[in-house]
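Chain residues, written in single-letter form:
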Amino acid sequence: MASPPLNLWTILTESKRIINAHSRHFLALSVVFLLPISFSSVVYPTLHNLIADRLPHNSQKFFDISNFDQPSLPTKTLLLALAFILFVFVFSLFALGSITCSVFHGFYGRPVKFISAVQSVKVSFWPVLGTVLASHIVFLLVALVALLFLFLVVGVFEMVGLEMEFSSPYFVGLCVVVAISLFLVLLYLQVNWTLAGVVAVVEPRCGFNALSRSANLIQGMRGVALSLMVFFGALAGILGFCSSVSELGLDGATDGWRNWKSLAFVLKIVVFSTAHMLLLLYHAAANTVLYMYCKAVHGELALEIAEEFASEYVSLPFDDGKVPHVVSVAYVR
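The structure displayed is predicted, hence computed values, not measured ones. (Residues numbered from 1 in each chain as written. Predicted model: local features only at pLDDT ≥ 70, side-chain atom pairs only at ≥ 80, totals over all residues. Heavy atoms only, no water.)

**Focus: the overall build of the chain**
Per the secondary structure count, the chain includes 11 helices and two strands. When the elements of the chain are put in sequence order from the N terminus, they spell out α-α-α-α-α-α-α-α-α-α-α-β-β. Within the chain, the fraction of its 333 residues that count as buried is 38%. Intrachain contacts of the chain at a sequence separation of at least 6 include 74% that bridge at least 24 residues. (Helix = DSSP H or I, 4+ residues; strand = E, 2+ residues; numbered from the N terminus. Buried < 20%, exposed > 50% of the residue type's maximum accessible area, 1.4 Å probe, protein only. Contact = heavy atoms within 4.5 Å.)

**Description of the packing of aromatic side chains**
Under the criterion given, the structure shown has 11 aromatic pairs. Between the aromatic rings of F91 and F94, the centroid separation amounts to 5.8 Å while the plane-to-plane angle is 65 degrees, which identifies the pairing as edge-to-face. Of this pair, F91 and F94 both sit in helix α4 (residues 73-108), three residues apart, which is roughly one turn of the helix. F94 gets classed as partly exposed once you look at its relative accessible area, which sits at 22%. Arranged with centres 5.5 Å apart and planes meeting at 40 degrees, the rings of F139 and W193 form a pair that is tilted. Residue F139 is found in helix α5 (residues 114-159), and its partner W193 is found in the loop between α6 (169-192) and α7 (196-202); the two are separated by 54 residues along the sequence. On the basis of relative accessibility, which here comes to 18%, the residue F139 falls in the buried class. For W193, a relative accessible area of 13% puts it in the buried group. Clustering of aromatic rings is evident, with ring pairs tying together F33, F87, F91, F94, F125 and W126. (Phe/Tyr/Trp six-rings, centres within 6.5 Å; stacked < 30°, edge-to-face > 60°.)

**Quick look at the nonpolar core**
The biggest cluster of nonpolar side chains holds 45 residues, and the ones touching the most others in it are I11, I99, L195, M221, L290 and Y291. Sorting the residues of this core by element identifies α1 (8-21), α2 (23-52), α4, α5, α7, α8 (208-217), α9 (222-251) and α10 (261-297) as the ones contributing at least two each. Considering each element in turn, this core owes the most residues, 13 residues, to α10. (Core = buried A, V, L, I, M, F, W, Y, C linked by side-chain atoms within 4.5 Å.)

**Details of the environment of F265**
With respect to the helices and strands, the residue F265 is situated in helix α10. F265 gets classed as partly exposed once you look at its relative accessible area, which sits at 23%. Linking F265 and S246, residues 19 residues apart in sequence, is a C-alpha distance of 8.9 Å.

**Here we look at a nonpolar patch on the surface**
Taken together, the side chains of I137, L140, L141, L144, L147, F151 and F208 present a nonpolar region at the surface, about 720 Å² in accessible area. Element by element, the count of residues in the nonpolar patch is highest for α5, at six residues. Looking at the element boundaries, L144 is found in helix α5. (Patch = residues over 30% accessible without salt bridge, like charges linked within 9 Å, V, L, I, M, F, W, Y side chains within 5 Å. Areas by Shrake-Rupley, 256 points an atom, 1.4 Å probe, with all protein chains shown as cover. Salt bridge = Lys/Arg side-chain N within 4 Å of Asp/Glu carboxyl O.)

**Description of the layout of surface pockets**
Considered as a void within the structure, the largest pocket measures approximately 910 Å³ in volume. If you go around the largest pocket, you meet 29 residues; those closest to its centre are L96, V132, Q190, H283 and N287. Looking at the lining of the largest pocket, the elements with two or more residues in it are α2, α4, α5, α7, α9 and α10. For the lining of the largest pocket, the class distribution of residues is 18 nonpolar, 11 polar and no charged. (1 Å grid on protein atoms, 1.4 Å probe; cavity = no way out; pocket = protein on both sides within 12 Å on 5 of 7 lines; lining within 4 Å. Points joined across faces, edges and corners; volume = space filled by probe spheres on them. Nonpolar A, V, L, I, M, F, W, Y, C, P; charged D, E, K, R; others polar.)

**Here we look at the packing of α5 against α6**
Orientation of α5 relative to α6, taken along the N-to-C sense of each, is 160 degrees, at an axis distance of 10 Å. Taken as axis vectors, α5 and α6 run roughly antiparallel relative to one another. Of the two elements, α5 crosses α6, and the hand of that crossing is right-handed. Along its contact with α5, which presents V138, F139, V142, A143, A146, F149, L150, V153 and V154, the element α6 presents F171, L174, C175, V178, L182, V185, L186, L189 and Q190. Its residues assigned to classes, the contact of α5 with α6 shows 17 nonpolar, one polar and no charged. (Axes fitted to C-alpha atoms, helices over the stretch in contact; angles between N-to-C directions. Parallel < 35°, antiparallel > 145°, perpendicular 65-115°, else oblique. Left-handed = near helix turned anticlockwise from the far one by under 90°.)

**Concerning the pattern of salt bridges**
Following the criterion strictly, the structure yields four salt bridges and no others. One salt bridge in this structure joins E14 and R17, with 2.6 Å as the shortest N-O distance. Residue E14 and its partner R17 are both found in helix α1; the two are separated by three residues, about one turn of the helix. Residue classification places R17 among the partly exposed residues on the basis of a relative accessible area of 40%. Of the charged contacts, one joins E203 and R205 as a salt bridge, the two residues approaching to 2.8 Å between their closest N and O atoms.

**Some words on α5**
Over its 46 residues, α5 runs 65 Å from end to end, which matches the ideal 68 Å to within 8%, given 1.5 Å per residue. Helix geometry: α5 is bent most strongly at S124, by close to 45 degrees, with proline P127 lying one to four residues after it. (Expected span 1.5 Å × (residues − 1). Bend = angle between axes of the 7 residues up to and from the residue.)

Everything listed is a geometric property; what it means functionally is a separate question.
This is the structure we're talking about:
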């Protein structure tokens, strides 16, 4: 019988199997680390709008000297945005460490424990943080190079006596070309670094070393990694769009059912927070499973499984990008 191809469906199926096998464990991790992210993501736009609606429309009132001793509303919105970003960022690192560690052990069939998963956050936090900072440094450098290139091209045109105004179609076309090129480069880097977070958790690597390791592992699997990004990105976009539409519907509520507005808002928070939480859970699990399959494709997983499950029947998901049959591994003494 031919083995199924290694594709997006294979990764999602294996991720679902691991999560279902330890459903209560992953539910507990999701409630502790992912639910706060999802809840704050749903509630934050409403809080921001509430504060923004209180902005004074009279500039003279806004710059009143008597108000200088109190934080202005724009400052409050800025502080709220910074607090939201920091909160989501920190909890995302916590979630990545705990869920990745649990899926990693679940893939091998090891028992997973909630306390151990939470304690793994202390070990993985700084490597993951260093890896994230390293990737963003590279992203920033690439963006700066693209911006510098744009300025150089404009400067060359001015040196030869060709004036290029910002509103000219040539300048707009040049900006579009540079923007598309920058997007493709950043997308290529993001695909190559799909496994960087997993590497930082399960291997003794971090920073640029983890990025390089991810780029090496993802070779031959970039199509699957890209499909994962598109799949979960599309679901997140659809979820965000539906949340925005429901927000507009609540804002446009008529007096006839305004008494139900609070109930509808609570229902919206519950539905979208839960959906977003599950989306984040499966995305983290899928990246970890993809890491394991990439190791298998590169021949790194066979020996590890042989050492882990000596004299037991195990499934080795590799060989030319295919999922093979169940094999028996035993030591000969």
